[in-house]
Amino acid sequence: DAMVIQNPRYQVTQFGKPVTLSCSQTLNHNVMYWYQQKSSQAPKLLFHYYDKDFNNEADTPDNFQSRRPNTSFCFLDIRSPGLGDAAMYLCATSRDNPGRADTQYFGPGTRLTVL
Amino acid sequence: GIQVEQSPPDLILQEGANSTLRCNFSDSVNNLQWFHQNPWGQLINLFYIPSGTKQNGRLSATTVATERYSLLYISSSQTTDSGVYFCAVENTGGFKTIFGAGTRLFVKA
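Our subject in this report is the structure included herewith. (Residues numbered from 1 in each chain as written. Chains lettered and ligands numbered in written order. Predicted model: local features only at pLDDT ≥ 70, side-chain atom pairs only at ≥ 80, totals over all residues. Heavy atoms only, no water.)

## Quick look at the sheet that holds strand β8 (residues 69-74) of chain B
Strands in a sheet are paired, the pairing made by backbone hydrogen bonds, and the direction either parallel or antiparallel. Residue and element names in this part refer to chain B. Spatially, the five strands line up as an open sheet ordered β1-β3-β8-β7-β6, and their pairing is antiparallel. On the outer flanks of this sheet lie β1 (4-7) and β6 (52-56), each paired with one strand and no other. Going from strand to strand, the sheet's axes swing by 15 degrees on average, the running direction of each strand aside. As judged from the six bridges shared by strand β3 (residues 19-25) and β8, these two strands associate in the antiparallel manner. (Pairing = 2+ DSSP bridges. Helix = DSSP H or I, 4+ residues; strand = E, 2+ residues; numbered from the N terminus. Axes fitted to C-alpha atoms, helices over the stretch in contact; angles between N-to-C directions.)

What follows is the structure, given as structure tokens:
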């Protein structure tokens, strides 16, 4: 039944050590999103894919990269994690409605700890 | 960019009470969604409501796009309604979703 799956649920990394978070979906949605949510704050959009078209938010640091090898999978790469990157990372998907997003479905999130 | 303001920031209810949560946004939007984030962090979509009124059980929502606000009504609240309620809008450029700061709800038994 799981529709948007994120692995791992908890990730611990060391300061400066690259880390990759993964997201997969069984909904066949063409839009996928990555959000960062820090403690007691709202989710903040980092970037989204419309099919293979990558769309970066202007204020997303260069330290954050993403890959979408196919419709089902999307990865978030943090090249050199800093203490300030500790957060919950949320993946979401939606259909195109068209030219606008339809209902967004979220995965359970990956909680990243940076030591 | 679009500003999204939610009120109240915090709300404590006795089980069985009703409540209204408000979301104001500063510019025209493509769509508006209401989400509930449970204590484990899972975001659940409650309503996709760019305009009009929808109902789902004890919950209903109304968006008046011309006046740039949306309301979420919770009736006969239950302890399982506790969590954070977010309003999120998509800008007219498409696919950029902006969340409000949320309303933190606690329902007491």
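## Re the nonpolar core
Leu32, Trp34, Leu72 and Val89 of chain B are the most contacted members of the largest nonpolar core, which totals 23 residues. Elements represented by at least two residues in this core include exactly β2 (10-14), β3, β4 (29-37), β5 (43-48), β7 (59-64), β8, β9 (83-91) and β11 (103-108) of chain B. When sequence neighbours within four positions are dropped, the list of residues in contact with leucine 72 of chain B reads Ser19, Thr20, Leu21, Trp34, Leu46, Phe47, Ser60, Ala61 and Tyr85 of chain B. Of all hydrophobic cores here, the second largest spans 18 residues; its members include Tyr49, Leu76, Ile78 and Tyr89 of chain A. (Core = buried A, V, L, I, M, F, W, Y, C linked by side-chain atoms within 4.5 Å. Buried < 20%, exposed > 50% of the residue type's maximum accessible area, 1.4 Å probe, protein only. Contact = heavy atoms within 4.5 Å.)

## Things to note about the pattern of salt bridges
Under the criterion given, the structure shown has six salt bridges over all chains. Aspartate 77 of chain A is the salt-bridge partner of arginine 67 of chain A, the closest N and O atoms lying 2.8 Å from each other. Taken together, the residues arginine 67 of chain A in strand β7 (residues 64-67) and aspartate 77 of chain A in strand β8 (residues 73-78) connect sequence positions 10 residues apart. Look at aspartate 77 of chain A and you get buried, because its relative accessible area is 14%. Linking aspartate 27 of chain B and arginine 68 of chain B is a salt bridge whose minimum nitrogen-to-oxygen distance equals 4.0 Å. Of this pair, aspartate 27 of chain B sits in the loop between β3 and β4 while arginine 68 of chain B sits in the loop between β7 and β8, placing them 41 residues apart in sequence. (Salt bridge = Lys/Arg side-chain N within 4 Å of Asp/Glu carboxyl O.)

## A look at the interface of chain A and chain B
One frequent convention defines the size of an interface as the accessible area lost when the parts assemble. Each partner contributes residues to the interface: chain A has 25 residues there, and chain B has 21 residues. Buried surface at the junction of chain A and chain B, summed over both partners, amounts to about 1,800 Å²; 52% is from carbon and sulfur atoms. When the buried surface of chain A facing chain B is broken down by residue, Arg100, Gln104 and Phe106 of chain A rank first, second and third, together holding 26% of it. Applying the counting rule to chain A against chain B returns one salt bridge. As a salt-bridge pair, glutamate 57 of chain A and lysine 96 of chain B come within 2.4 Å of each other at their nearest N and O atoms. The interface formed by chain A and chain B includes seven residue pairs in polar contact (both at pLDDT 80 or more). For the side of chain A that touches chain B, the elements supplying multiple residues, two or more each, are β4 (31-37), β5 (44-50) and β9 (87-94) of chain A. Among the residues forming the side of chain A that touches chain B, the class breakdown is 12 nonpolar, nine polar and four charged. (Buried area = accessible area lost by both parts, 1.4 Å probe. Polar contact = N/O pair within 3.5 Å; in protein donor to acceptor, adjacent residues only side chain to side chain. Nonpolar A, V, L, I, M, F, W, Y, C, P; charged D, E, K, R; others polar.)

## A look at the sheet that holds β8 of chain A
All names here are of chain A. Strand order in the open sheet made by the four strands is β1-β3-β8-β7, with antiparallel pairing throughout. Strands with a single pairing partner mark the edges of an open sheet, and in this sheet they are β1 (4-7) and β7. Each adjacent strand pair in this sheet contributes to an overall mean axis angle of 20 degrees, direction not counted. With four bridges connecting them, β7 and β8 associate as antiparallel partners. Paired with arginine 67 across the two strands is phenylalanine 75, which belongs to β8.

## Comments concerning unusual backbone geometry
Of note, the amide linkage connecting asparagine 7 of chain A to proline 8 of chain A takes the cis form, showing an omega dihedral of -10 degrees. Looking at the secondary structure, you find proline 8 of chain A in the loop between β1 and β2 (10-13). Residue proline 8 of chain B is reached from serine 7 of chain B by a cis peptide bond, and omega for that bond is -10 degrees. Tracing the backbone shows proline 8 of chain B in the loop between β1 and β2. At serine 40 of chain A, a position not held by glycine, the phi torsion is positive, near 60 degrees. The phi torsion at arginine 68 of chain B lies on the positive side, around 60 degrees, for a residue other than glycine.

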